[in-house]
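# Remarks on the overall topology
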Amino acid sequence: MSRAFKAVITRDLRLAARRRVEALLPLAFFGVAASLFPLGVGPEPQTLRIIAPGVLWVCALLSTMLSVTQLYAGDHADGSLEQMLLSGEAGLLIALAKALAHWLVTGLPLVLIAPLFGLMFDMSVAGIAMLTLTLLLGTPILSLLAGLGAALTLGLRSSAVLLILLVLPLCIPALIFGAGGVVAVESGLSARGHLSLLGALLIFTVLLAPPATAAALSIATE
Amino acid sequence: MATPSIRFFNFAAPSRFYALAGWLTPWLWAIAALLAGTGLYIGFFVAPTDATQGDAYRIIFIHVPAAWMSMVLYLVMAGWAAVGWAFNARLASMVARALAPTGAMFTFIALWTGAFWGKPTWGAWWVWDARLTSELILLFLYLGYMALVTAIDDTRRADQAGALVAVVGAVNVPIIYFSVKWWNTLHQGASISMNAAPKMASTMLTAMLLMTFAFWAYAFAVVFTRTRAIVLERERDAAWVGELTRPVARVAA
């Protein structure tokens, strides 16, 4: 693993550690958004159990999209992004490192807190385990795609909404297979097909999103 | 050169394209009107009533060609955008940008007419089946592309970023087409298949193909017109645009 890759990740993690409240905001958003659904839909455990996989997945998706706008914006504003791109390191390595750092700061906490919300939505133990597993496979996909969106909308007016419009359609397969796997387990079926497709999506995204993000960064900083 | 031949790259120069497209556009409009008139007449008056769906099926003559166009135009748009990005061809980027609104319109028509067809046959305006949903996603992709290219003020960056988005989104178009096989839903299978004999009456097929060609001609006409406007806008400092607009300015003064 190259030194630049490690350096970008440690730098982003250190920045997150220095601004702890800011780093935890996506998690708070996830909690608040997920709590709104029982209030809107009604407290019947039967209904909550049915909507839980989709609701929790959509909230994780939105939380990722909202937190990613700052991924490159800060570095772009103070010039460090250009320095990174000029350093001679491959742009896709930097894009991959940034996405990984973003996942470690926002995606991984979501995966860890999801079981708690699974309990609040009265899901079965097997369902909660599958929810955690699909989020573990799925949130890296979301971070990678969100990174691409952040690079594309770098420095634009209303970039946050634009990013959501651009990236959400691309996230739909991950949502379908992620939430679908949990639904399958909850109804007593095997989720192996869903997990395989989610894994395939993850490999596909890891291979294709970083080069696209690197291209978007070079377009944006040209 | 001994034998005179048409060199297509000549038309990549915005000024030549402007003249050629201006000459072609009225003919394309005429072809579109003629084909659409014939197609609709055959579709609505000549084609037999369907045994199971009654007359409601006749929306197919607008719905299916529009759905085809929505997908093809996205690929064409992504292709031209990529050409414009890779080879720095200005006109290709302008064509890509001109294609997006027409593609979005056909997507919207396909969804709208699909709802009109769904109500009498399925009993619902909208069902969340794979094909409808992916057509809706296609509409979002078009909107995302248009929103992004208009949000970026610098034309060069807008074209390149738009090309990237279009190419990334193009991955979605095959998924739309094969989604019928991926998910087992209540939407009926593809209307025309290449390796099986067409199941529909030949008049229905004729009407549908006429409508498809009419939509093609319409798309060409509209995209040419829109591209000409973009050419004028972007080349406003070029000498040939100045010559083109000067007489009009004098009359106005």
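Presented here is an overview of the structure given in this document. Just so it is clear, the model here is predicted, and its values are computed rather than measured.

So, how was this worked out
- Residues numbered from 1 in each chain as written.
- Chains lettered and ligands numbered in written order.
- Predicted model: local features only at pLDDT ≥ 70, side-chain atom pairs only at ≥ 80, totals over all residues.
- Helix = DSSP H or I, 4+ residues; strand = E, 2+ residues; numbered from the N terminus.
- Rg over C-alpha atoms; globule rule 2.2 N^0.38 Å.
- Buried ≥ 20, exposed ≤ 12 C-beta atoms within 10 Å, placed from the backbone.
- Contact = placed C-beta atoms within 7 Å.
- Expected span 1.5 Å × (residues − 1).
- Bend = angle between axes of the 7 residues up to and from the residue.
- Nonpolar A, V, L, I, M, F, W, Y, C, P; charged D, E, K, R; others polar.
- Core = buried A, V, L, I, M, F, W, Y, C linked by C-beta atoms within 7 Å.
- Axes fitted to C-alpha atoms, helices over the stretch in contact; angles between N-to-C directions.
- Parallel < 35°, antiparallel > 145°, perpendicular 65-115°, else oblique.

The next subject is the overall build of chain A. In terms of regular secondary structure, chain A is built from 9 helices and 0 strands. Tracing chain A from N to C terminus, the helices and strands come up as α-α-α-α-α-α-α-α-α. In terms of C-alpha radius of gyration, chain A reaches 18 Å, essentially the compact-globule figure of 17 Å for 222 residues. A principal-axis box enclosing the C-alpha atoms of chain A has dimensions of 55 × 35 × 30 Å. Across the 222 residues that make up chain A, the buried fraction comes to 46%. Across chain A, contacts joining residues at least 24 apart in sequence account for 79% of those joining residues at least 6 apart.

Our next topic: helix H2 (residues 20-41) of chain A. Residues and elements named next belong to chain A. The end-to-end C-alpha distance of H2, which contains 22 residues, comes to 33 Å, matching closely the 32 Å that a straight helix rising 1.5 Å per residue would cover. Approximately 35 degrees is the largest bend angle found in H2, and it occurs at Pro-26. Listed as buried for H2 are Pro-26, Phe-30, Ala-34 and Phe-37. Looking one or two residues beyond H2, the residue adopting positive phi is Gly-42, at roughly 120 degrees.

Turning our eyes to something else, we now look at the interface of chain A and chain B. With 15 residues of chain A at the contact, the number on the chain B side is 16 residues. When contributions to the side of chain A that touches chain B are tallied by element, the ones reaching two or more residues are helix H8 (159-186) and helix H9 (192-221) of chain A. Across the side of chain A that touches chain B, the residue classes break down as 13 nonpolar, no polar and 2 charged.

With that out of the way, let us pick up the environment of B:Pro65. Residue and element names in this part refer to chain B. Note that Pro-65 resides in helix H2 (residues 60-86). Between the alpha carbons of Pro-65 and Thr-150 there is a distance of 28 Å; along the sequence they are 85 residues apart. Non-local contacts of Pro-65, meaning those with residues more than four positions away in its chain, are made with Met-208, Met-211, Thr-212 and Phe-215.

Take the environment of A:Thr213 next. All names here are of chain A. Checked against the element boundaries, Thr-213 lands in helix H9. Looking at Thr-213, the number of C-beta atoms within 10 Å reads 29, which means it is buried. Among all residues touching Thr-213, those that are not within four sequence positions of it are Ala-95, Gly-147, Leu-148 and Ala-151.

Along its 33 residues, helix H3 (residues 90-122) of chain B runs 47 Å from first to last C-alpha, staying within 8% of the 48 Å computed at 1.5 Å per residue. By the largest-angle criterion, B:Ala100 marks the main kink of H3(B), which is about 25 degrees, and a proline, B:Pro101, follows within four residues.

Here we come to the nonpolar core. A:Leu56, A:Leu145, A:Val167, A:Ala216, B:Met77 and B:Leu164 are the most contacted members of the largest nonpolar core, which totals 137 residues. With 15 residues, the top contributor of residues to this core is H2(B). With residues near it in sequence (within four places) discarded, B:Leu164 still touches A:Leu152, A:Ala212, A:Ala215, A:Ala216 and A:Ile219.

This brings us to unusual backbone geometry. Its identity is not glycine, yet A:Ser158 carries a phi of approximately 45 degrees, on the positive side. As for its placement among the helices and strands, A:Ser158 is situated in the loop between helix H7 (125-152) and H8. On the neighbour-count criterion, A:Ser158 (11 C-beta atoms within 10 Å) is exposed. The phi dihedral of B:Asn88 falls on the positive side, at around 55 degrees, and the residue is not glycine. Summarising the element assignment, B:Asn88 is placed in the loop between H2 and H3.

All names here are of chain A. At a minimum axis distance of 9 Å, the contact between H7 and H8 shows a crossing angle of 170 degrees. The pairing of H7 with H8 is recorded here as roughly antiparallel in orientation. By residue class, the composition of the contact of H7 with H8 is 19 nonpolar, 6 polar and 1 charged.

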